Amino acid sequence: NAGVMQNPRHLVRRRGQEARLRCSPMKGHSHVYWYRQLPEEGLKFMVYLQKENIIDESGMPKERFSAEFPKEGPSILRIQQVVRGDSAAYFCASSPLSGQGGWNNEQFFGPGTRLTVL
Amino acid sequence: AQRVTQPEKLLSVFKGAPVELKCNYSYSGSPELFWYVQYSRQRLQLLLRHISRESIKGFTADLNKGETSFHLKKPFAQEEDSAMYYCALSGRGMNTGFQKLVFGTGTRLLVSP
């Protein structure tokens, strides 16, 4: 199992462009989480998705940001009209299908995508 | 409000010295507490969680509900322990398992020979 894959690892965009970050969860995992880490800060939760469903998007900015986890293919975090403040490391994590109680739902993290907005 | 505080940005010790990385939390219910570690050029990985009550790589952490703390300890630090350590909490979900993690800002542990 290759673990959680994220691409690209580094992404450079100019202000106003769109950024698409992809996350492939571990095999057999159907839960995906996105976190953002600004410089000198901890990881901050953005959104929690299951296949074809957004479960919790309480950490997503109201505008320009969207996320999806289609039935087939990776989860996508999309940032439209990027601004300099969007420069950060974006981490994806996945966990397996939850059972009753779910105490074994450890989140496994990807290597992150470092977004730089010029 | 859910919050995790790690007061030290950097902790520098010599090999063989005891280590304590501090973590305090704020949560209205019964949280699940974790320590994550990120070694150089590696991805973030789970080190230990309070419900398992186990020692990993010589590290232990005890949940103190009275002091709302979950400090990470190791009696004798090794050079290979040098890494970034993040304390995190998660609200207990009844049927959906672990939900979002709330992270502290991290403490960089540097163990010198």
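Quick note: structure is the one above.
Since we're looking at a predicted model, the values are computed, not measured.

### Quick look at the layout of surface pockets
Here is step 1 of the chain: Of the volumes computed, that of the largest pocket is approximately 790 Å³.
Here is step 2 of the chain: Residue lining of the largest pocket: 31 residues in total, with A:Gln37, A:Arg114, B:Gln38, B:Tyr86 and B:Arg108 positioned closest to the centre.
Here is step 3 of the chain: Elements supplying a minimum of two residues to the lining of the largest pocket: strand E9 (88-96) and strand E11 (113-117) of chain A together with strand E9 (83-91) and strand E11 (107-112) of chain B.
Here is step 4 of the chain: Of the residues in the lining of the largest pocket, the class split is twelve nonpolar, eleven polar and eight charged.

### Section: the state of the cysteines
Residue and element names in this part refer to chain A.
Here is step 1 of the chain: Considering all chains together, one arrives at two disulfides over all chains under this definition.
Here is step 2 of the chain: Two residues, Cys23 and Cys92, share a disulfide whose sulfurs are 1.8 Å apart. With the S-S bond torsion at -55 degrees, the cross-link from Cys23 to Cys92 turns out left-handed. Taken together, the positions of Cys23 in strand E3 (residues 19-24) and Cys92 in strand E9 put the pair 69 residues apart, joining distant regions of the chain.

### Quick notes on the sheet that holds strand E7 (residues 65-68) of chain A
Residues and elements named next belong to chain A.
Here is step 1 of the chain: One open sheet holds the four strands; their spatial order is E1-E3-E8-E7, and the pairing between them is antiparallel. Two strands in the sheet have a free side with no partner beyond their single neighbour: strand E1 (5-7) and E7. Between one strand axis and the next, the sheet turns by 15 degrees as a mean value, whatever way the strands run.
Here is step 2 of the chain: The pairing of E1 with E3 spans three bridges and is classified as antiparallel. If you follow Gln6 over to E3, its bridge partner there is Cys23.

### Thoughts on the sheet that holds strand E7 (residues 60-61) of chain B
Paired through their backbone hydrogen bonds, the strands of a sheet run either parallel or antiparallel.
Residue and element names in this part refer to chain B.
Here is step 1 of the chain: Overall, antiparallel pairing links the three strands, which are arranged E3-E8-E7 in an open sheet. The sheet is open, and its two borders are formed by strand E3 (19-21) and E7, each paired with just one other strand.
Here is step 2 of the chain: Of the strand pairs in this sheet, E3 and strand E8 (residues 72-74) are connected by three bridges, and their pairing is antiparallel. Along E8, the bridge assignment pairs Leu21 with Leu72.

### Some words on the pattern of salt bridges
Residues and elements named next belong to chain A.
Here is step 1 of the chain: A full pass over the atoms with the stated rule returns nine salt bridges over all chains.
Here is step 2 of the chain: Of the charged contacts in the structure, one is a salt bridge between Arg20 and Glu18, with a shortest N-O distance of 2.9 Å.
Here is step 3 of the chain: Classification of Arg20 as partly exposed rests on a relative accessible area of 39%.
Here is step 4 of the chain: Looking at Glu18, the relative accessible area reads 29%, which means it is partly exposed.
Here is step 5 of the chain: Of the charged contacts in the structure, one is a salt bridge between Glu41 and Lys44, with a shortest N-O distance of 3.4 Å.
Here is step 6 of the chain: Residue class for Lys44 comes out partly exposed when judged on its relative accessible area of 46%.
Here is step 7 of the chain: Each of Glu18, Arg20 and Arg78 takes part in a single network of salt bridges with overlapping partners.

### A closer look at the pairing of strand E6 (residues 53-56) of chain A
Along any regular strand the residues' side chains alternate between the sheet's two faces.
Residue and element names in this part refer to chain A.
Here is step 1 of the chain: The sheet contact formed by strand E5 (residues 43-50) and E6 spans three bridges and is antiparallel. Opposite Leu49, over in E6, you have Ile54 as the bridge partner.
Here is step 2 of the chain: Between E5 and E6, which pair antiparallel and follow one another directly, the connecting turn spans two residues, one of which, Glu52, has a positive phi of 65 degrees.

### Quick notes on the packing of aromatic side chains
Here is step 1 of the chain: Counted by the stated rule, this structure contains ten aromatic pairs over all chains.
Here is step 2 of the chain: Their ring planes at 5 degrees and their centres at 4.5 Å tell us that A:Tyr33 and A:Tyr48 sit as a pair that is stacked. Taken together, the residues span a long stretch of sequence, with A:Tyr33 in strand E4 (residues 29-37) and A:Tyr48 in strand E5 at a distance of 15 residues.
Here is step 3 of the chain: Here A:Phe109 and B:Tyr36 contribute two aromatic rings whose centre-to-centre distance is 5.5 Å and whose plane-to-plane angle is 80 degrees, an arrangement assigned as edge-to-face. Pair noted here: A:Phe109 is in strand E10 (residues 108-109) and B:Tyr36 is in strand E5 (residues 31-38), and the two residues belong to different chains. Accessibility classification places A:Phe109 together with B:Tyr36 in one group, the buried group.
Here is step 4 of the chain: Put simply, the rings of A:Tyr35, A:Phe45, A:Phe109, B:Phe34, B:Tyr36, B:Tyr86 and B:Phe103 pair up and form one aromatic cluster.

Rules used throughout
Residues numbered from 1 in each chain as written. Chains lettered and ligands numbered in written order. Predicted model: local features only at pLDDT ≥ 70, side-chain atom pairs only at ≥ 80, totals over all residues. Heavy atoms only, no water. 1 Å grid on protein atoms, 1.4 Å probe; cavity = no way out; pocket = protein on both sides within 12 Å on 5 of 7 lines; lining within 4 Å. Points joined across faces, edges and corners; volume = space filled by probe spheres on them. Helix = DSSP H or I, 4+ residues; strand = E, 2+ residues; numbered from the N terminus. Nonpolar A, V, L, I, M, F, W, Y, C, P; charged D, E, K, R; others polar. Disulfide = S-S within 2.5 Å. Pairing = 2+ DSSP bridges. Axes fitted to C-alpha atoms, helices over the stretch in contact; angles between N-to-C directions. Salt bridge = Lys/Arg side-chain N within 4 Å of Asp/Glu carboxyl O. Buried < 20%, exposed > 50% of the residue type's maximum accessible area, 1.4 Å probe, protein only. Phe/Tyr/Trp six-rings, centres within 6.5 Å; stacked < 30°, edge-to-face > 60°.

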